[in-house]
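Each chain, written out:
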Amino acid sequence: MKVIYVISILIIYLEMFYKAIILKSGSAIDILYTVLFSTQIILIINLICNLFKEKISKIILMIVSLVITIWFGTQAVFFNLFSVPLSFSTLGLAGGALGYVDVVIEIIVKNALIILACLLPLILLFVFNKRIKFEQYNKKTILIFLAIILGVTGLKIGAIHIDKNDIYSAYNLCYKMDAQEKNIKKFGVLTSTVIDLKRTVVGTNEEVIVSANSNLEENKTEVKVEYNQVDLKIEEKKDNTSDKTLKSIYEYIESVEPTNKNKYTGYFKDKNLIFILAEGFNSIAVDEELTPTLYKLTNSGFVFNNFYSPVYLSTTGGEFQATTGLIPSQSILSLWKSNSPEISYALGNSFSKSGYKANAYHNWSYTYYSREKTMKTLGFDSYMGIGNGLEKLIDSEWLPRDVDMMNVTTDFYTDEDKFVTFYITVSGHAPYNLSGGNSTALRYKEQVKDLPYSNSIKAYLASQIELDRALETLIKNLEEANDLDDTVIAVVGDHYPYTLDMKDINSRSSYERDEIVEVNRSNFIIWNSEMKETIAVDKVGSQIDVLPTLLNLFDIEYDSRLIIGQDILSNNEGIAIFSDRSWVTDYGTYFAADKKFVAKENKDIPAGYLDRINQSVSNKFTMSNLFIKHNIYDKILKK
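Q: So what about the overall build of the protein? Which residues, and what values?
A: Broken down by element type, the protein carries 26 helices and 13 strands. Radius of gyration (C-alpha) of the protein: 26 Å, near the 26 Å computed for a compact globule of 639 residues. For the protein, the spread of C-alpha atoms along the three principal axes comes to 85 × 65 × 50 Å. The proportion of buried residues among the 639 residues of the protein is 59%. Put simply, 75% of the contacts in the protein that link residues at least 6 apart link residues at least 24 apart. Carbon and sulfur atoms provide 53% of the accessible area of the protein, an area that totals close to 26700 Å². With 65 positive and 76 negative side-chain charges, the protein shows a spacing of 10 Å between the two charge centroids.

Q: Break down the sheet that holds strand 13 (residues 596-599) for me, citing the residues and quoting the values.
A: Strand-to-strand pairing in sheets goes through backbone hydrogen bonds, with the strands running parallel or antiparallel. Strand order in the open sheet formed by four strands is 10-11-12-13, with antiparallel pairing between adjacent strands. Because the sheet does not close on itself, it has two edges, and the strands there are strand 10 (575-577) and strand 13. The average undirected angle you get between the axes of adjacent strands in this sheet is 10°. Taken together, the three bridges between strand 10 and strand 11 (residues 583-585) define a ladder with antiparallel strand orientation. If you follow Ile 575 over to strand 11, its bridge partner there is Thr 585.

Q: If you had to explain the packing of helix 9 (residues 180-187) against helix 10 (residues 189-202) to someone new, which residues and values would you point to?
A: Put simply, helix 9 and helix 10 touch, their axes get as near as 7 Å, and they point 145° apart. Where helix 9 crosses over helix 10, the two elements pack in a sense that is right-handed. In contact with Gln 180, Asn 183, Ile 184 and Phe 187 of helix 9, helix 10 contributes Val 189, Thr 191, Ser 192, Ile 195, Asp 196 and Arg 199. When grouped by side-chain class, the residues that make up the contact of helix 9 with helix 10 number four nonpolar, four polar and two charged.

Q: Could you give me a rundown of a negative patch on the surface, with the residues and numbers involved?
A: Judged by side-chain charge, Asp 411, Asp 415, Glu 416 and Asp 417 come together as a negatively charged surface patch. Mapped onto the secondary structure, Asp 417 falls in the loop between helix 19 (402-409) and strand 5 (419-424). On the basis of relative accessibility, which here comes to 76%, the residue Asp 417 falls in the exposed class.

Q: Which residues make up the pattern of salt bridges, and what values do they have?
A: Summed over all chains, the structure comprises 20 salt bridges. We note a salt bridge from Asp 231 to Lys 233, for which the minimum N-O separation is 3.4 Å. Arg 508 is paired through a salt bridge with Asp 287; the nearest N and O atoms lie 3.6 Å apart. Here the residue Arg 508 occupies a position in helix 23 (residues 502-508), and Asp 287 occupies one in the loop between strand 1 (272-278) and helix 14 (292-298), the gap between them amounting to 221 residues. Grouping residues by exposure puts Arg 508 and Asp 287 together as buried. Through salt bridges that share partners, Asp 30, Lys 185 and Lys 186 make up one connected network.

Q: Please set out a nonpolar patch on the surface residue by residue, giving values where relevant.
A: Taken together, the side chains of Leu 113, Leu 116, Leu 119, Leu 120, Ile 123, Leu 124, Val 127 and Phe 128 define a hydrophobic patch exposed on the protein surface, amounting to about 750 Å² of accessible area. On the secondary structure map, Leu 120 appears in helix 6 (residues 112-127). Residue Leu 120 is classed as partly exposed on the basis of its relative accessible area of 41%.

Q: Go over the nonpolar core, please, and point to the residues and values.
A: Leu 273, Phe 275, Phe 302, Phe 554 and Phe 627 are the most contacted members of the largest nonpolar core, which totals 190 residues. If you tally residues by element for this core, the top one is helix 22 (residues 455-480), at twelve residues. Apart from the residues within four sequence positions on either side, Phe 554 is in contact with Gly 266, Phe 268, Lys 269, Lys 271, Asn 272, Leu 273, Phe 351, Tyr 356 and Val 488. Counting residues in hydrophobic clusters, the runner-up holds seven residues, among them Val 517, Val 540, Phe 578 and Phe 591.

Q: Outline the confidence of the model for the protein, listing residues and values.
A: Of the residues in the protein, 96% have a pLDDT of 70 or more, and the chain-wide mean is 92. Low pLDDT, under 50, characterises residues 214-221; the predicted model gives this stretch ten contacts beyond four residues in sequence or across chains.

Q: Talk me through unusual backbone geometry; I want residue IDs and the actual numbers.
A: Between Trp 398 and the following residue, Leu 399, the backbone shows a cis peptide bond with an omega angle of 0°. Its place among the elements puts Leu 399 in the loop between strand 4 (382-386) and helix 19. Between Ala 430 and Pro 431 the backbone carries a cis peptide bond, its omega angle lying at 10°. One non-glycine residue, Gln 136, lies in positive phi territory at about 50°. Mapped onto the secondary structure, Gln 136 falls in the loop between helix 6 and helix 7 (139-160). Judged by relative accessible area, which is 47%, Gln 136 ranks as partly exposed.

Q: Break down the packing of aromatic side chains for me, citing the residues and quoting the values.
A: Scanning the entire structure with this criterion turns up 41 aromatic pairs. Relative to Tyr 633, the ring of Phe 627 lies with its centre 5.8 Å away and its plane at 70°, an arrangement referred to as edge-to-face. Put simply, the rings of Tyr 264, Tyr 267, Phe 268, Phe 302, Phe 304, Phe 307, Phe 351, Tyr 356, Phe 524 and Phe 554 pair up and form one aromatic cluster. For Lys 182, the ring lying beneath its charged end belongs to Tyr 168, and the centroid distance is 4.5 Å. For Lys 603, the ring lying beneath its charged end belongs to Tyr 587, and the centroid distance is 5.1 Å.

Q: Before we move on, could you go through the packing of helix 1 (residues 3-23) against helix 6 and cite the residues and values that matter?
A: One way to put it is that helix 1 packs onto helix 6 with a least axis distance of 10 Å and a crossing angle of 170°. Comparing their axes, helix 6 and helix 1 come out roughly antiparallel. Only Ile 114, Ala 117, Cys 118, Leu 120, Pro 121, Leu 122 and Leu 125 of helix 6 make contact with helix 1, whose side of the interface consists of Val 6, Leu 10, Tyr 13, Leu 14, Phe 17 and Ile 22. A per-class count over the contact of helix 1 with helix 6 returns 13 nonpolar, no polar and no charged.

Q: So what's going on with helix 13 (residues 244-255)? Residues and values would help.
A: With twelve residues, helix 13 should reach 16 Å at 1.5 Å per residue; the first-to-last C-alpha distance of 16 Å fits that figure. For helix 13, the full list of buried residues reads Thr 245, Leu 246, Ser 248, Ile 249, Tyr 250, Tyr 252, Ile 253 and Ser 255. Packing partners of the buried residues in helix 13 comprise helix 12 (234-239), helix 25 (609-629) and helix 26 (632-637). The opening residue of helix 13, the one whose side-chain oxygen lies 2.9 Å from the backbone nitrogen of Thr 245, is Asp 243.

Q: Could you give an account of the pairing of strand 4, naming the residues involved and the relevant values?
A: Of all the five residues making up strand 4, four are buried; the element is thus mostly covered by neighbouring parts of the structure. Two elements, strand 3 (residues 357-365) and strand 4, share five bridges in a ladder whose sense is parallel. Bridge pairing in strand 4 links His 362 to Gly 385.

Cut-offs used in this document
Residues numbered from 1 in each chain as written. Predicted model: local features only at pLDDT ≥ 70, side-chain atom pairs only at ≥ 80, totals over all residues. Heavy atoms only, no water. Helix = DSSP H or I, 4+ residues; strand = E, 2+ residues; numbered from the N terminus. Rg over C-alpha atoms; globule rule 2.2 N^0.38 Å. Buried < 20%, exposed > 50% of the residue type's maximum accessible area, 1.4 Å probe, protein only. Contact = heavy atoms within 4.5 Å. Areas by Shrake-Rupley, 256 points an atom, 1.4 Å probe, with all protein chains shown as cover. Lys, Arg positive; Asp, Glu negative; His and termini not counted. Charge placed at Lys NZ, Arg CZ, Asp CG, Glu CD. Pairing = 2+ DSSP bridges. Axes fitted to C-alpha atoms, helices over the stretch in contact; angles between N-to-C directions. Left-handed = near helix turned anticlockwise from the far one by under 90°. Nonpolar A, V, L, I, M, F, W, Y, C, P; charged D, E, K, R; others polar. Patch = residues over 30% accessible without salt bridge, like charges linked within 9 Å, V, L, I, M, F, W, Y side chains within 5 Å. Salt bridge = Lys/Arg side-chain N within 4 Å of Asp/Glu carboxyl O. Core = buried A, V, L, I, M, F, W, Y, C linked by side-chain atoms within 4.5 Å. pLDDT = per-residue confidence, 0-100. Phe/Tyr/Trp six-rings, centres within 6.5 Å; stacked < 30°, edge-to-face > 60°. Lys NZ or Arg CZ within 6 Å of the ring centre and 35° of its normal. Parallel < 35°, antiparallel > 145°, perpendicular 65-115°, else oblique. Expected span 1.5 Å × (residues − 1). Polar contact = N/O pair within 3.5 Å; in protein donor to acceptor, adjacent residues only side chain to side chain.

This is the structure we're talking about:
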């Protein structure tokens, strides 16, 4: 068999496998794009493998095939776990997300069939390698192949320019948009890898489509409305720059409808805030008997009935969303951890400027996900974890207890006049088993052993009992310090427990969840002991809405046009956005992979609604990137 056939079978098999099994989608046009773009790669590899003597050529073929297979397998397992492709820009962050040996072993076991399927053509290649024919091309054949490669390149360029108008057209994906999953869907894994590598090295020129916002003008003329905005002097900044990207950013900010101040503005003015990013917390953990404190807090105070915690690369993505109000791409998470950009409205920064003492605590390594750097960008100069002080106060063996962290840290801030305290818990971390790999699960094994669920779900529920006890401890400590009535407790999960199977998750869910959108549905707790009523909120919201909602409730000045999320309590339409650019609004759910919209009952969908929301979602991704890449907070807000 000729080399070109071997390479073709290997690459096309892996590309189609990824589309069918991992992405679970693949339109005819996307398959054609993938085959066309893969053809160029196949021809180049074939040419290289036929330039040398047979022994050297065979070694080259084996090495190239091995690297390609490993990359596809890695991408498949990574996407299956985190719902995002692995990017070169965040290889370090990916290492952090997979930095637990027990978790890695569990992932490999659960994805054994996927790994085996990826290895199949490589195994066959090694078994039948003696039947492969290497031709050792002469100059004439080399020139012919170079001409063919140039011809295929021309076809690629032509295909890219066929349709420039669609939001996620091949042209926009290649030149104007950082959307790696869309690239894989359109062009395949290998071509997307080339694009990703290029962007990691030289960057990309992202563009935003600005459209006039008629609703804003209508609101301002018909009724007097106060908005969460300040005078940013955008027009002046726009006139004083020749940078096209900055101009487009300023034009976008001008076009955005700010959120309105409302009856809940200042609802918690001058109270303290304790904000908890809870490891693996999801609504399936809430149980009146097993987790009574979580049950109490999720069913009183503010109750958000349509809230989502979308997965964007594990805990670090959830942390970034909830504390900055921005959508985290992998490149932006990398910049956040390496360049310490100014994020003026981040949780600690916003409250510090209003006279709050900002403290942060994490009961695992204080340098994990580069938090020794990122906590400063979030505005927490006082930050303690394992390795810079907390290990002297609690047992730091894996898994450290959330209860212990609450017990030893409460006294550090309750004497302050006003405080904002940020906790990142760890006791709810995977792996979820009762066989010795999870000390938290073993601690509460007796409470869950007779439940009618799999051992994985039992272990997960046991891990969340620790969070429940930590909240109970926190409330008790605040009460003893006479600070409970003056303190608001906010809790949000960093992500759903993504190492669990969907079957297990649905065994605890009150309805059948899909693995793209509804698997991310969760709770957002905002609770204060003095609240006399439960305030139910049906509007759709997600993690990027956490920060602006809190800022409005505490009446802290901010410009809502500079935060991609929005106050859930405002009049603006609710939306939750997911990593593959699917979304949920108050009108329905859009599944991006299939371009399918499922409307909610009794909802009349306005004309052009899908195009408008898809463009808005695209802009939100782009602007989240540009705000950080171009240090917009520093340019606009610093005097």
